[in-house]
Amino acid sequence: MAAVYLKLNTEMSQMQGFGFPLMEYDCFSLRMSSPPHSFRGVFFFSTCPIQSPWLNLSKKPQTISRNFQFSIRLKYSSCALDAIESNGTGLSPVRLQDGLQKTPCKLWNSNGPKGNRVPETSEKKKLWKGLDLDSKARLRRYSVMLRTCAAKGALREGKAIHGQVIKSGIDPDSHLWNSLVNVYAKCGSSKYASKVFGEIPERDVVSWTALIAGFVAEGYGIGAVNLFSEMRKEGVGANEFTYATALKACSMRLDLEFGKQVHAEAIKVGDLSDLFVGSAVVDLYAKGGEMVLAERVFLSMPQQNPVSWNALLNGFAQMGDAEKVLDLFCRMTGSEINFSKFTLSIVLKVCANSGNLRAGQMVHSLAVRIGCELDEFISCCLVDMYSKSGLAGDALKVFATIEDPDVVSWSAIITCLNQNGQSREAAEVFKRMRHSGVVPNQFTLASLVSAATDLGDLYYGESIHACVCKYGLEYDNTVCNALITMYMKIGSVQDGFQVFKLTTNRDLISWNAFLSGFHDNETCDTGLRIFSQMLVEGFNPNMYTFISILRSCSSLADVGFGKQLHAQIVKNSLDGNDFVGTALVDMYAKSRFLEDAETIFNRLVKKDLFVWTVIVAGYALNGQGEKAMKCLIQMQRECVKPNEFTLASSLSGCSSIATLDSGRQLHSLAIKGGQSGDMFVASALVDMYAKCGCVEDAEVVFDGLVFRDTISWNTMICGYSQHGQGGKALKAFEVMLEEGTVPDEVTFIGVLSACSHMGLIEEGKKHFNSLSKIYGITPTIEHYACMVDILGSAGKFDEVESFIEEMKLTSNVLIWENVLGACKTHGNVEFGERAAMKLFELEPEIDSNYILLSNIYAAKGMWNDVTNVRALMSTRGVKKEPGCSWVEVSGQVHVFLSHDGSHPKIREIHLKLQDLHHKLMSFGYTPNTDHVLHNVSDREKQELLFYHSERLALAFALLSTSTRKTIRIFKNLRICGDCHDFMKSISELTNQELVVRDINCFHHFKHGSCSCHNFW
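Bear in mind that the values here come from a model prediction, so they are computed numbers and not experimental data. (Residues numbered from 1 in each chain as written. Predicted model: local features only at pLDDT ≥ 70, side-chain atom pairs only at ≥ 80, totals over all residues. Heavy atoms only, no water.)

## Notes on the overall build of the protein chain
The criterion, for reference: Helix and strand definitions follow DSSP, with helices as H or I runs of at least four residues and strands as E runs of at least two, each counted in order from the N terminus. When a residue's accessible area, from a 1.4 Å probe over protein chains only, is under 20% of the maximum for its type it is buried; when over 50% it is exposed; and in between it is partly exposed. Contacts are assigned to residue pairs that have any heavy atoms within 4.5 Å of one another. A 1.4 Å probe and the Shrake-Rupley method give the accessible areas. Residues count as covered only by the protein chains that appear here.
Across its full length, the protein chain carries 50 helices and 10 strands. Expressed as a percentage of the 1016 residues in the protein chain, the buried residues total 50%. Restricting to contacts in the protein chain with at least 6 residues of sequence separation, those with at least 24 account for 64%. For the protein chain, the computed accessible surface area is about 48,000 Å², with 52% contributed by carbon and sulfur atoms.

Printed below as a string of structure tokens:
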């Protein structure tokens, strides 16, 4: 006998949908001291014969005996008991609909012996009287109750009703079996649905469909497909609901092949005309990317419903066909179909991704018209749409209409503000979110970390990191990747490494984020090692990986590794990617492989502003200013507007070739485009004017700067030094310090050069010593070379020698070049020989070292030694670089070589030179033939001097210039002493200001004097 103890809640209530009273009770124990007749055999049969993924369907039962059927019922009873007891506590409140009054706490077991009976009460008799109903009516009532539980998702109540069915001893009919499968399936317990299904003696299409639907609802697409296959094997014919459910399972798995078979079968039996089946087929093909088939099925449907419309819209949205989505939506609005908020969300997403603001605003107005603009789901879509359209203000207005925003809404607006460059506003919204009591999720915090990255605020980033730990999200991949990116970009590499190391499930994004911190010159070699380790761990690099590692190669100028990466890019079929192509152009250009850079550039299909800027900067960096300017012109012809970086690079190109007219045109372009105030452009303008010989214009631009940083100060100070205006350079340095701008290594190169030009030995020493003692800057070889130049220019060769020995500079080329130059100036043969021999050892291919030594010998009349030096040059295959000068006239650059007769106006130039020479001779000018390094007659020496390249350039400029504009000539070598005297005399004779830039400095000739004070 089994004693069943029930704890009853006697409060009566009316269950919606039942239509009669019900009671609540808790089954807290089910025990059997001896099983009743209806439970006999429970312990001798398997309770769960079906498994997929838990069920393994048996074949359809053949002829079944009554005893076997009875044993099946007992197995089914065991299954349900297991379902009831699975709660663990045995105290599950349930509702029954039996038209009863209060139920007693203890019930008789009708099959138990009298000795085990529980004493009857009047209430218990009333209960059993109510239960003694017609068997069919009771079956119907149980089925109705189970269907109601299924509709409400009330699993616990369904289990209790299942237990009552077992207790009642009633034999379930097909409707009740199906209701039991259905309740478990719809309540998300496909495991129990499978157990019940396995006990059904005769499975029909309804029970199969219910179980398949349960698997689909829980996301087990493969299990649902297997069930459908098994159903067809057992010969059970599918109906329209089965087909629709099976097709949905295929959509979940993106199993187009099996889906097409189901589609074909639905056509064969004539179920394709069913609205649900048709919609499911459209959804299948849309999700599988077969949009032609999806649209064909859609158009062939006798009628369409919102589901089929949404399926087709969503398919085209996934394919990125915004035009088609909007066209379909217009047709949908013109039909009688009532679209839902899901429809609007699809269209809004398409508008957001395609940047179609106008269409998005129209959808917004439709949402207002149908009254769903306040729906939180639609509001989030609107926030996203306005965000991606760059209208953060409108997104904020939409967000403000949400009555009680949840974490999704808060995350959407924070992400919006961050993506639109309003990182501080995003931080403020996060404050409001926390005050509202909403707990952030991983997406909220990832966006805030990104905001901290954009702000460059390490302190704020660390505070968000603390929040991440507080909410237990420190191991979430999205958050970890954002944190790695933040630390690496802000420059806190060690912290970034710690987060990377603690990331438990690193993905490719993690590696890319980590690589992003190794682009500068100091750490870029580490980036190459990290990339190699990433490959060892089996990660396949994507376009972002290659872009990042190519930047490291650019910083290293490691073209060898870069070419290996290029090969890997081709292997991965990424050579057609414009972003990767831009990174390759940059790598080759910075490695000085301009031909390769040009080849990649010309292959790019879409040349955007960034790649144009990269190639222009590459030409400028490699001293090909003319090509840089041609690129800029071509870029504008292709309607690509240059930005501040393009202009700064182009100005740098003008500086390298000293094309003043082109530089001025760029200045006008910068003013017209509103970019002249940009720090990069302004500094480039100062540099361009200074290097083109217009130091006054450089001053004007510099003085007009609202904010002057270290770079702009450096440009001006170095400009003054190059033009021989040492006093102004030192004064500018003082003002710089007064304004609180911190000097760097470049600043002191300009300051020390100024001291050298002015012969300020003690002040030079003071500034040199302040480098490390006051500013904590470790002197570079350029600083040491400046000190050698300061001492050498003053003829203090003993101090120079001591300085070189003390600082251990004996193996540096730049040091000995300065020594050799000083020896040439002061005629120090002995020290000059030692310096030259050292240079012949360190850089035997440089011609200027041989020429300077030869000049020293020639100046002392040591012609045998001059011959020996020239013989050494010939033996070593070293050729003297010919003197070359160029001058810009009417926007065109004219180039002249010494004794060059190729210029179209060379006859007029020679005549002009002869005229100038005669006039100067009448003023007492005599050519200084000491500067001719050939052992020939004085007349021949005068002829050699007469046709130097700078004189040819001067004569042409005087012929071509009607006004008294300053003439600016540029030379690739050091101007000789006689040409220097010639220029001074011409400036006095013609009252013409001349500027000559040689390899050392600028010479401003005016009224018979030079700015270098005859020291260069």
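## Remarks on the sheet that holds strand 6 (residues 892–897)
To be explicit about the condition: DSSP bridges decide pairing: two strands pair if at least two such bridges lie between them. Helix axes use the C-alpha atoms of the stretch in contact, all axes being lines fitted to C-alpha atoms, and the angles between their N-to-C directions lie in the range 0 to 180 degrees.
Overall, mixed pairing links the six strands, which are arranged 6-5-7-8-9-10 in an open sheet. The open sheet has two edge strands, strand 6 and strand 10 (1009–1010), and neither has a second partner. Pairing of strand 9 (residues 1002–1006) with strand 10 involves two bridges; the strand directions are antiparallel. Its bridge partner being in strand 10, lysine 1006 is matched across the sheet by serine 1009. Strands in contact with helix 50 (residues 977–990) are strand 7 (967–971), strand 8 (994–997), strand 9 and strand 10; relative to strand 9, the strand with the most contacts, it is inclined by about 35 degrees.

## Digging into helix 7 (residues 205–217)
Quick reminder of the rule: One less than the residue count of a helix, multiplied by 1.5 Å, gives the span that helix is expected to have.
With 13 residues, helix 7 ought to run about 18 Å at 1.5 Å a step, and its terminal C-alpha atoms sit 18 Å apart, in line with that. Buried residues dominate helix 7, accounting for 10 of its 13 residues. Three or more residues of helix 7 are buried, namely Val205, Ser207, Trp208, Thr209, Ala210, Leu211, Ile212, Gly214, Phe215 and Val216. The inward-facing, buried residues of helix 7 abut helix 5 (174–186), helix 6 (190–199), helix 8 (221–233) and helix 9 (240–253).

## Comments concerning the pairing of strand 6
With six bridges joining them, strand 5 (residues 884–889) and strand 6 adopt antiparallel strand pairing. Pairing of glutamate 888 across the sheet is with valine 893, part of strand 6. Where strand 5 folds back on strand 6, the antiparallel hairpin that results is connected by two residues, among which serine 890 adopts a positive phi of roughly 55 degrees.

## Here's the deal with the nonpolar core
What counts here: Definition used in this section: a nonpolar core is a set of buried Ala, Val, Leu, Ile, Met, Phe, Trp, Tyr and Cys residues joined via side-chain atoms within 4.5 Å.
Grouped together as the largest cluster of nonpolar side chains are 251 residues, with contacts concentrated most on Phe228, Ile413, Phe430, Ile615 and Val819. Once residues lying within four places of it in the same chain are set aside, the contact partners of valine 819 are Val788, Val800, Ile804, Phe831 and Ala835.

## A closer look at helix 5
Taking 1.5 Å per residue as the helical rise, helix 5 with its 13 residues ought to reach 18 Å, and the 18 Å between its terminal C-alpha atoms agrees with that figure. Among the 13 residues that make up helix 5, 10 are buried, leaving the element largely enclosed by the rest of the structure. Regarding helix 5, the residues found buried are Leu176, Trp177, Asn178, Ser179, Leu180, Val181, Asn182, Val183, Tyr184 and Ala185. Just downstream of helix 5 lies glycine 188, where phi reads positive at about 80 degrees.

## A word on unusual backbone geometry
Phi is positive for leucine 254, close to 55 degrees, though the residue is something other than glycine. Tracing the backbone shows leucine 254 in the loop between helix 9 and helix 10 (256–269). With a phi angle near 55 degrees, alanine 557 is a residue other than glycine that sits in the positive phi range. Relative to the elements of secondary structure, alanine 557 occurs in the loop between helix 27 (543–556) and helix 28 (559–571).

## Notes on the packing of aromatic side chains
What characterises a pair of aromatic rings is the spacing of the ring centres plus the angle enclosed by the ring planes. Rule in force here: Note on aromatic pairs: the rings of Phe, Tyr and Trp (six-membered ring only in Trp) are paired at centre separations within 6.5 Å, and the planes decide the class, stacked below 30 degrees, edge-to-face beyond 60, tilted for the rest. Geometrically, a lysine NZ or arginine CZ counts as sitting over a ring once it is within 6 Å of the ring centre and also within 35 degrees of the ring normal.
The final tally for this structure, using the stated rule, is 28 aromatic pairs. With a centroid separation of 6.0 Å and 55 degrees between ring planes, the pair formed by tyrosine 784 and phenylalanine 803 is classed as tilted. Taken together, the positions of tyrosine 784 in helix 41 (residues 781–793) and phenylalanine 803 in helix 42 (residues 797–806) put the pair 19 residues apart, joining distant regions of the chain. Members of the aromatic cluster, each reached through a chain of ring pairs, are Phe497, Phe500, Trp511, Phe514, Phe518 and Phe539. Over the ring of phenylalanine 500 we find arginine 506; its NZ or CZ atom is 4.3 Å from the centre of that ring. Over the face of the ring belonging to phenylalanine 601 we find lysine 607, whose NZ or CZ atom lies 5.2 Å from the ring centre.

## So, the environment of serine 662
Among the secondary structure elements, serine 662 is positioned in helix 34 (residues 660–672). For serine 662, a relative accessible area of 17% translates into the label buried. For the pair serine 662 and leucine 651, spaced 11 residues apart in sequence, the C-alpha separation works out to 8.5 Å.

## Digging into the pattern of salt bridges
What counts is decided by this rule: Here, a salt bridge means any Lys or Arg side-chain nitrogen found within 4 Å of an Asp or Glu carboxyl oxygen.
Here the structure, examined in full by the defined rule, presents 23 salt bridges. Residue lysine 324 is joined to glutamate 295 by a salt bridge in which the shortest nitrogen-to-oxygen separation is 2.9 Å. With lysine 324 in helix 14 (residues 322–334) and glutamate 295 in helix 12 (residues 291–300), this residue pair connects regions lying 29 residues apart in the sequence. One salt bridge in this structure joins aspartate 375 and lysine 341, with 3.1 Å as the shortest N-O distance.

## Quick notes on the state of the cysteines
Put simply, the test is: When the sulfur atoms of two cysteines come within 2.5 Å, that pair is taken as a disulfide.
Here the structure, examined in full by the defined rule, presents zero disulfides. Cysteine 480 provides the cysteine sulfur closest to cysteine 469, a residue in no disulfide bond, and the two sulfurs are 9.1 Å apart. Free of any disulfide, cysteine 1010 has its nearest cysteine sulfur in cysteine 1012, 3.4 Å distant. Taking relative accessible area as the criterion, cysteine 1010 reaches 8% and is therefore assigned buried.

## Re the packing of helix 31 (residues 609–621) against helix 33 (residues 644–657)
For clarity, the cut-off: The scheme is simple: roughly parallel for angles under 35 degrees, roughly antiparallel for over 145, roughly perpendicular for 65 to 115, oblique for anything else. Note on convention: near helix rotated counterclockwise from far helix by under a right angle means a left-handed crossing. Clockwise means right-handed. Three residue categories are used. Nonpolar comprises Ala, Val, Leu, Ile, Met, Phe, Trp, Tyr, Cys and Pro, charged comprises Asp, Glu, Lys and Arg, and polar comprises the others, including Gly.
Packing of helix 31 against helix 33 leaves a shortest axis separation of 8 Å and a crossing angle of 20 degrees. Here helix 31 is positioned roughly parallel relative to helix 33, judged by the angle of their axes. Judged by the sense of rotation from one axis to the other, the crossing of helix 31 with helix 33 is left-handed. Along its contact with helix 31, which presents Leu609, Thr613, Val616, Ala617 and Ala620, the element helix 33 presents Phe645, Thr646, Ser649, Ser650, Ser652 and Gly653. Looking at the contact of helix 31 with helix 33, its residues break down into five nonpolar, six polar and no charged.

Read these as spatial facts, not as claims about activity.
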